[in-house]
Amino acid sequence: MKEKVVSDRRYEGVELSGQIVAHVRMSGCEFVDCVLDACSLGGCTVEKCTFRGCRISSPRSQNSYLRDCEFYDCELVGVDWSLLWPDDRNGSAIGRLESCRLRECRFDGLGMRGLGFGGSSAQGCTFAACDLRDCDLHGCDLSGTRFEDCRMQRADLTGATGYRLSLLRNRVQGARFTYPDCLALLEGTGAIVEREEPDSN
């Protein structure tokens, strides 16, 4: 089937919940206040597109991918990003992520080196075997989010809260953390952390 090419279009207030989008290549398009819940992408390519104030929930993807897309003030729920990442794993589906709310998303085996999360929250998410070196997670609400077998050297998690991150399961040399949330690093080590009581004398 011939691929439809769409470039530099602006879509505002469009709702595509449950819709099937197939064999479309989109480049440089902008989506504003759109709702994309449970959409199915088949044979689609979405490159250098911008999403502002959009809700994207539980998308399904077959032979489709995003590349260098930017997300601002979006709600991203139940997204399995490994299904949307470029197949060759060169580059990134996400070029920029700022002030977004991620919930119950999965990131499996993805190269995300240097990505900035720009004050976003990522709650109940899972990062497994990802390259998160030099990533900026500063000040992010990571409540219930797990990091498993990730490369996190030099990542910035100062001010980040709620994460679950074991020293035994991740490489964190040079990463930055702040107290008391950094105590999550001891998960699974068997270490016991006790609060020192002040001397009453």
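Residues numbered from 1 in each chain as written. Predicted model: local features only at pLDDT ≥ 70, side-chain atom pairs only at ≥ 80, totals over all residues. Heavy atoms only, no water.

Quick question: what am I supposed to make of the packing of aromatic side chains here?
Aromatic ring pairs are described here by two measures, namely the spacing of the ring centres and the angle between the planes. The full count for this structure, using the stated rule, is nine aromatic pairs. Summarising the aromatic geometry, the rings of F51 and F71 are spaced 5.0 Å apart at their centres and angled 10° between planes, so their arrangement reads as stacked. Placement of the pair is F51 in strand β9 (residues 50–52) and F71 in strand β13 (residues 69–72), with a sequence separation of 20 residues. Residue classification places F71 among the buried positions, given a relative accessible area of 1%. Judged by centre distance (6.2 Å) and plane angle (45°), the ring pair of Y163 and F177 falls under tilted. With Y163 in the loop between β20 (146–148) and β21 (164–165) and F177 in the segment after β21, this pair connects stretches of sequence that are 14 residues apart. Pairwise contacts between aromatic rings join Y11, F31, F51, F71, W81, F107, F117, F127 and F147 into one cluster. Over the ring of Y72 we find R52; its NZ or CZ atom is 4.5 Å from the centre of that ring. (Phe/Tyr/Trp six-rings, centres within 6.5 Å; stacked < 30°, edge-to-face > 60°. Helix = DSSP H or I, 4+ residues; strand = E, 2+ residues; numbered from the N terminus. Buried < 20%, exposed > 50% of the residue type's maximum accessible area, 1.4 Å probe, protein only. Lys NZ or Arg CZ within 6 Å of the ring centre and 35° of its normal.)

Help me understand the sheet that holds strand β6 (residues 35–37) in this model?
The strands making up a sheet associate through hydrogen bonds between their backbones, and the pairing can be parallel or antiparallel. A sheet is described by the order of its strands in space; here five strands give the open sequence β6-β10-β14-β16-β18, paired in parallel fashion. Taken across any chain shown, the strands that pair with only one partner, and hence form the sheet edges, are β6 and β18 (121–123). On average, each strand axis in the sheet is inclined to that of its neighbour by 10°, with strand direction left out of account. Relative to strand β10 (residues 55–57), β6 runs parallel, the two being bridged by three bridges. Note that in β10 the partner of V35 across the bridge is R55. (Pairing = 2+ DSSP bridges. Axes fitted to C-alpha atoms, helices over the stretch in contact; angles between N-to-C directions.)

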